[in-house]
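# Report on the structure
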Amino acid sequence: MMLSKKIALTLFSCSLLFSSALHAQSVGVVKTLVGNVQLIRAGEPVKVVLGDEIHIADKLQTDSDSSVGILFSDDTRLGAGPNTLFSIDVYQFDNVTQRGLADLSVENGTLALVGGKLTAKNLDAIKVHTPTTMLAASCSTLSVKVNQLIKEAP
Amino acid sequence: MMLTNIFRTLCLLFIYAMISGCSGYSSAVNSFGPETPTSEIRQQIEAPLELAEGESPFCAKPVEPDPVMAPAMAALPAEPYRARLYFIFDTSTFTPESERAAQKVFDEIKSRQIAEAIVIGHTDTMGAEKYNIGLSERRAQRVRQELIRRGIPENIITTKGMGESELFIETADEVAEARNRRVEIDVR
């Protein structure tokens, strides 16, 4: 009886830990979707559907004629155009202090961003990395276009 | 008396010296030449301003929308919508003002292509904590029913009753505060 109680307690605390870890990872939700969009999580590509949760370190790839829109927990909104490859590298948002920061990387394509509570308190909260530079513009809205790097023939 | 007279004379002398000194100096300046400027730089500075034709490189040009960015802009999710509705004391009936506002709020929610509606009920600090949790749940349910009645799919509405745990206006226990008797709707 005592043992089963202990096991139950351990299982309960484990599930709590697990759920809180999962909860902490979810930073946004897919709100708009056109065409074919892949989510690459831990190296595994998965087809994105509306309502999918986005975690830190997720990479998203849109096909041609495709686009995806994400609403982050702080109400920051992001739209990605066709042939876009981007990732969410860092995302922290404290609901109580309404502060945090976000780092995004665009390898290719187009991104539009409208800052939410993150940029309401700190205009420098969101940074966008591109293959050649890092945008740390003090603003709440921005759009980025990254052209495919032309590789020189050896 | 004598001293005052000497002091007065000295003062007058001092004033005279100052005045004569100044006039001497000003006449000395005048003796250098005419009062009209002759220097080229001065003429340039005082010449009437002529605006150059064409655009200045320092003027900000309006940003033109780039057609390449259009799909990314179109993919931006709609801005989340939040509304607050108030209730009559110890009921799940809207106040007359909120009853009127509710129509607008529900119409706005219906006009959006929403994926999620979070409805959270609250109470003021009057009454027992346990009772207030039930009351706040009933308030949230009331809004949920209204949303369903207007065609919002049931499965996207989440309701919760917070009782008196999240006051909008901080009060002591057993205080009737109209602004705390509310439901907060978060549409995202």
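Residues numbered from 1 in each chain as written. Chains lettered and ligands numbered in written order. Predicted model: local features only at pLDDT ≥ 70, side-chain atom pairs only at ≥ 80, totals over all residues. Heavy atoms only, no water.

Time to look at the overall build of chain A. Assigned secondary structure in chain A consists of two helices and 12 strands. Along the chain direction, N to C, the helices and strands of chain A fall in the order α-β-β-β-β-β-β-β-β-β-α-β-β-β. Residues counted as buried form 38% of the 154 residues belonging to chain A. Excluding contacts between residues fewer than 6 apart, the proportion of contacts in chain A whose partners are at least 24 apart in sequence is 49%. (Helix = DSSP H or I, 4+ residues; strand = E, 2+ residues; numbered from the N terminus. Buried < 20%, exposed > 50% of the residue type's maximum accessible area, 1.4 Å probe, protein only. Contact = heavy atoms within 4.5 Å.)

Core analysis: the largest hydrophobic core is formed by 28 residues, its most contacted members being I54, L60, F72, L78, F86, I88 and Y91 of chain A. Taken together, the elements giving at least two residues each to this core come down to β1 (26–34), β2 (37–41), β6 (67–72), β7 (77–80), β8 (85–94), β9 (99–114), β10 (126–129) and β12 (141–146) of chain A. With five residues, the single largest contributor to this core is β9 of chain A. If we skip the residues at most four places from it in the chain, F86 of chain A touches D58, K59, L60, V68, I70, L78, A80, S105, V106 and L111 of chain A. Residues Y81, F106, A117 and V119 of chain B belong to the second largest nonpolar core, which totals 20 residues. (Core = buried A, V, L, I, M, F, W, Y, C linked by side-chain atoms within 4.5 Å.)

To continue, consider helix α5 (residues 129–149) of chain B. Residue and element names in this part refer to chain B. Counted at 1.5 Å a residue, the expected span for α5 with its 21 residues is 30 Å, and the 30 Å between its end C-alpha atoms agrees. All buried positions along α5 are accounted for by N132, L135, S136, R139, A140, V143, R144, E146 and L147. The secondary structure elements touched by the buried residues of α5 are α4 (96–111), β2 (117–121), β3 (157–161) and β4 (182–187). Positive phi shows up at G151, right after α5, with a value of about 90°. (Expected span 1.5 Å × (residues − 1).)

Time to look at the pattern of salt bridges. Oppositely charged side chains can pair when the atoms bearing their charge come close. Under the criterion given, the structure shown has 15 salt bridges over all chains. Note that E116 of chain B is salt-bridged to K31 of chain A, the shortest N-O span being 3.8 Å. In this pair, E116 of chain B is assigned in the loop between α4 and β2 and K31 of chain A in strand β1, connecting two distinct chains. What makes K31 of chain A buried here is its relative accessible area of 15%. Where D75 of chain A meets R188 of chain B, a salt bridge forms, and the shortest distance between an N and an O atom there is 2.6 Å. Placement of D75 of chain A in the loop between β6 and β7 and of R188 of chain B in the segment after β4 is noted, with the two residues assigned to different chains. The two residues D75 of chain A and R188 of chain B agree in class, both being buried. Residues joined by salt bridges that share partners form a network here, namely D75 of chain A together with R82, D186 and R188 of chain B. (Salt bridge = Lys/Arg side-chain N within 4 Å of Asp/Glu carboxyl O.)

Interface size, as often reported, equals the accessible area lost upon joining of the parts. Counting from both sides, the interface comprises 16 residues of chain B and, opposite them, 25 residues of chain A. Carbon and sulfur atoms make up 66% of the surface buried where chain B meets chain A, a total of about 1,400 Å² over both sides. Two residues, D75 of chain A and R82 of chain B, come together in a salt bridge whose shortest N-O distance is 3.0 Å. Where chain B packs against chain A, one counts six residue pairs in polar contact (both at pLDDT 80 or more). If you tally residues by element for the side of chain B that touches chain A, the top one is helix α3 (residues 70–74) of chain B, at three residues. Considered class by class, the residues forming the side of chain B that touches chain A number 11 nonpolar, no polar and five charged. (Buried area = accessible area lost by both parts, 1.4 Å probe. Polar contact = N/O pair within 3.5 Å; in protein donor to acceptor, adjacent residues only side chain to side chain. Nonpolar A, V, L, I, M, F, W, Y, C, P; charged D, E, K, R; others polar.)

Let us look at the confidence of the model for chain B. All names here are of chain B. Of the residues in chain B, 74% reach a pLDDT of 70 or more, and the chain-wide mean stands at 82. In the model of chain B, helix α1 (residues 2–30) stands out as the element of lowest mean pLDDT, 60, in contrast to α5, which has the highest, 95. Between residues 21–31, whose pLDDT stays under 50, and residues either more than four places distant or in other chains, the model counts one contact. (pLDDT = per-residue confidence, 0-100.)

What the rule picks out here adds up to two aromatic pairs over all chains. Measuring from ring centre to ring centre gives 5.2 Å for F72 of chain A and Y91 of chain A, while their planes differ by 20°; the resulting arrangement is stacked. On the criterion of sequence distance, the pair formed by F72 of chain A in strand β6 and Y91 of chain A in strand β8 is long-range, its members being 19 residues apart. Given a relative accessible area of 2%, F72 of chain A falls into the buried group. Both rings, one in F87 of chain B and one in F94 of chain B, keep their centres 5.0 Å apart while their planes meet at 35°; by these two values the pair is tilted. Per residue, the accessibility class of F87 of chain B equals that of F94 of chain B, and both read buried. Stacked on the ring of F168 of chain B, the Lys or Arg R84 of chain B has its end atom at 4.0 Å from the ring centre. (Phe/Tyr/Trp six-rings, centres within 6.5 Å; stacked < 30°, edge-to-face > 60°. Lys NZ or Arg CZ within 6 Å of the ring centre and 35° of its normal.)

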